[in-house]
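Reading the structure
Here's the letter readout for the chains.
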Amino acid sequence: MTRHLRILIIGAALILAGNAVALIGVAYNRSGEPAAVVNLSERELSRPYNFLASKENSGLTLRLNWRSADKSEPHLPGVFSQGGRTRWLDKDKLAALGFDVSADPQNADAARRYQKTLPRDAYVVLEFNGPAYQAAVQQARARLDAAKAKLAADPGSKALKAGVKYAQRRLDDERNKSTRLFAVDVGPDRQTLRSRYPNRARYLILPGEVRLTVINKALTGYISGLGVSSINVPLAYRAAITGGGGARPAHYTVRLAFGKRDEPWILAARAATEGDTGNHAGPANRISLSQPAVVSTARAVPTSVRVFRARSK
């Protein structure tokens, strides 16, 4: 056997071993009952902006869009957030994650120390199309009502007319475009959170990172990232999301499952019409066998998952 042949054999063996390890991991992740199964739309799983521009069949990845529930600072509809301040992430929750929150944040030295503190691993609860989203819609509606009341008192004001149009646009975006997936809680233990949020069709519990920050001399925390940021779309499902070379569907629904390793995979996908309010403007749409869903036993494709490891203080 020549040296060149031995190198080729060793290389092939390494590739096969790597593929075997990956497939074993996928099989383990998908074994047993899924940790959660949700029906998300393009609002929560967005296509890359340039996916039609690429001439190569290099695959399709959907971005997981979520935002933080914060009543004090309404989210701008139509803008997808990947974290942000969360005033509900108070001292008690931060201490439960292992942060030292004993120093007074109004002290300048303490504030600087908080800002430099390393992040902590945590489990993040994401709520889909629940009370947090309904509150966001109500806030947008209240802002529109307030803008209309101001205009009624001064109907000739161009600025107030523009304000009503802006508030109406924000409400429309909140109803039809903004993600309905909200971070509503964090904790150090998954099982404790699952007992608190048992509905597996509404609540996802995913690994993430939490950081400290001081704003207006008040200590708070924010979720700096999730362990799952994107989902690979197997070839069998891409036509439902991209149109398969035809007209690109404006709306689509994806049935997503999460496994033992927090890795998601697609169970079904289908394109949706503008009038399908169950998908893009209303409650979560349930994919059923009576609907034109794309369902497949396609080869498993590992999903993009960031691994967060415990850090010291």
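Thresholds, definitions, all that
Residues numbered from 1 in each chain as written. Predicted model: local features only at pLDDT ≥ 70, side-chain atom pairs only at ≥ 80, totals over all residues. Heavy atoms only, no water. Pairing = 2+ DSSP bridges. Helix = DSSP H or I, 4+ residues; strand = E, 2+ residues; numbered from the N terminus. Axes fitted to C-alpha atoms, helices over the stretch in contact; angles between N-to-C directions. Contact = heavy atoms within 4.5 Å. Core = buried A, V, L, I, M, F, W, Y, C linked by side-chain atoms within 4.5 Å. Buried < 20%, exposed > 50% of the residue type's maximum accessible area, 1.4 Å probe, protein only. Parallel < 35°, antiparallel > 145°, perpendicular 65-115°, else oblique. Left-handed = near helix turned anticlockwise from the far one by under 90°. Nonpolar A, V, L, I, M, F, W, Y, C, P; charged D, E, K, R; others polar. Arc of directions from axis to C-beta. Polar contact = N/O pair within 3.5 Å; in protein donor to acceptor, adjacent residues only side chain to side chain. Salt bridge = Lys/Arg side-chain N within 4 Å of Asp/Glu carboxyl O. Phe/Tyr/Trp six-rings, centres within 6.5 Å; stacked < 30°, edge-to-face > 60°. Lys NZ or Arg CZ within 6 Å of the ring centre and 35° of its normal. pLDDT = per-residue confidence, 0-100.

Spatial strand order, 1-11-12: 3 strands in an open sheet with antiparallel pairing. Edge positions in the sheet fall to strand 1 (36–41) and strand 12 (264–272), since each has one partner strand and no second. With strand direction ignored, the average angle separating the axes of adjacent strands in the sheet is 15°. Pairing geometry for strand 11 (residues 251–258) and strand 12, over 8 bridges, is antiparallel. Bridge pairing in strand 12 places Val254 opposite Ala269. Its contacts with the sheet put helix 7 (residues 235–242) on strand 11 and strand 12, and the angle it makes with strand 12 is roughly 35°.

Before going further, it helps to spend a moment on the nonpolar core. Core analysis: the largest hydrophobic core is formed by 64 residues, its most contacted members being Leu64, Leu126, Val210, Ile223, Val254 and Leu256. In terms of residue count, helix 4 (residues 131–153) provides more of this core than any other element does, 8 residues in total. Here Val210 is in contact with Leu89, Leu94, Leu97, Phe99, Pro119, Arg120, Ala122, Val186, Tyr222, Ile223 and Ser224, once residues within four sequence places are set aside.

Attention shifts here to the packing of helix 4 against helix 5 (residues 158–176). Look at helix 4 against helix 5: their axes get within 9 Å of each other, and the N-to-C directions meet at 165°. Comparing their axes, helix 5 and helix 4 come out roughly antiparallel. Helix-helix and strand crossings are classified by hand; for helix 4 and helix 5 the assignment is left-handed. Contact with helix 4, carried on its side by Tyr133, Ala136, Val137, Ala140, Arg141, Arg143, Leu144, Ala147, Lys148, Lys150 and Leu151, involves Leu160, Lys161, Gly163, Val164, Ala167, Gln168, Arg170, Leu171, Glu174 and Arg175 of helix 5 and no other residues of that element. Looking at the contact of helix 4 with helix 5 residue by residue, the class counts come to 11 nonpolar, 2 polar and 8 charged.

For the rest of this paragraph, the subject is the pairing of strand 12. A regular strand carries its side chains on alternate faces of the sheet. Where burial is concerned, most of strand 12 is hidden: 7 out of the 9 residues are buried. Counting the residues in the hairpin turn of strand 11 and strand 12 gives 5 residues, including Asp262, whose phi is positive at 65°.

This part covers helix 3 (residues 108–116). Residues that lie three or four places apart on an α-helix share one face, since the helix turns once every 3.6 residues. What helix 3 keeps buried is the set Ala110, Ala111 and Tyr114. In an axial view of helix 3, the angular spread of the buried residues amounts to 100°, which keeps them on one side of the axis. Residues of helix 3 that are exposed and angled more than 90 degrees away from the buried face: Asp109 and Lys116. Buried residues belonging to helix 3 abut strand 8 (203–215) and strand 9 (218–226). N-capping of helix 3 is provided by Asn107, with a side-chain oxygen placed 2.9 Å from the backbone N of Asp109.

This next bit is on the pattern of salt bridges. Applying the stated criterion across every chain yields a total of 7 salt bridges. Note that Arg180 and Glu44 form a salt bridge whose closest N and O atoms lie 3.0 Å from each other. With a gap of 136 residues between them, Arg180 in the loop between helix 5 and strand 7 (181–187) and Glu44 in the loop between strand 1 and strand 2 (45–46) connect regions that are remote in the sequence. Considered together, Arg180 and Glu44 belong to a single accessibility category, that of buried residues. One salt-bridge network, held together by shared partners, links Lys93, Asp185 and Arg196.

What follows is about the sheet that holds strand 10 (residues 230–233). Pairing is antiparallel across the open sheet formed by 3 strands, whose spatial order is 2-3-10. Every other strand in the sheet has two partners, leaving strand 2 and strand 10 as the edge strands with one partner each. The pairing of strand 3 (residues 60–64) with strand 10 spans 4 bridges and is classified as antiparallel. Bridge pairing in strand 10 links Leu62 to Ile231.

The next thing to look at is the packing of aromatic side chains. In this structure the tally under the stated criterion is 1 aromatic pair. Plain terms: the ring middles of Tyr197 and Tyr203 are 4.9 Å apart, the flat faces sit at 50° to each other, and that makes the pair tilted. For the pair shown, Tyr197 and Tyr203 are each scored as buried. One residue, Arg113, lies across the ring of Tyr114, its end atom 5.1 Å from the ring centre.

Moving on to the confidence of the model for the chain. Low pLDDT marks stretches whose predicted atomic positions should not be read closely. Taken as a whole, the chain shows an average pLDDT of 79; of its residues, 69% reach a score of 70 or greater. When pLDDT is averaged over each helix and strand of the chain, the minimum, 42, is found for helix 8 (residues 277–280) and the maximum, 96, for helix 5. Every residue in residues 71–82 is under pLDDT 50, and counting partners more than four places away or in other chains gives 34 contacts. Note that residues 309–313 has pLDDT below 50 and, in this model, 10 contacts with residues that lie over four places away or in other chains.

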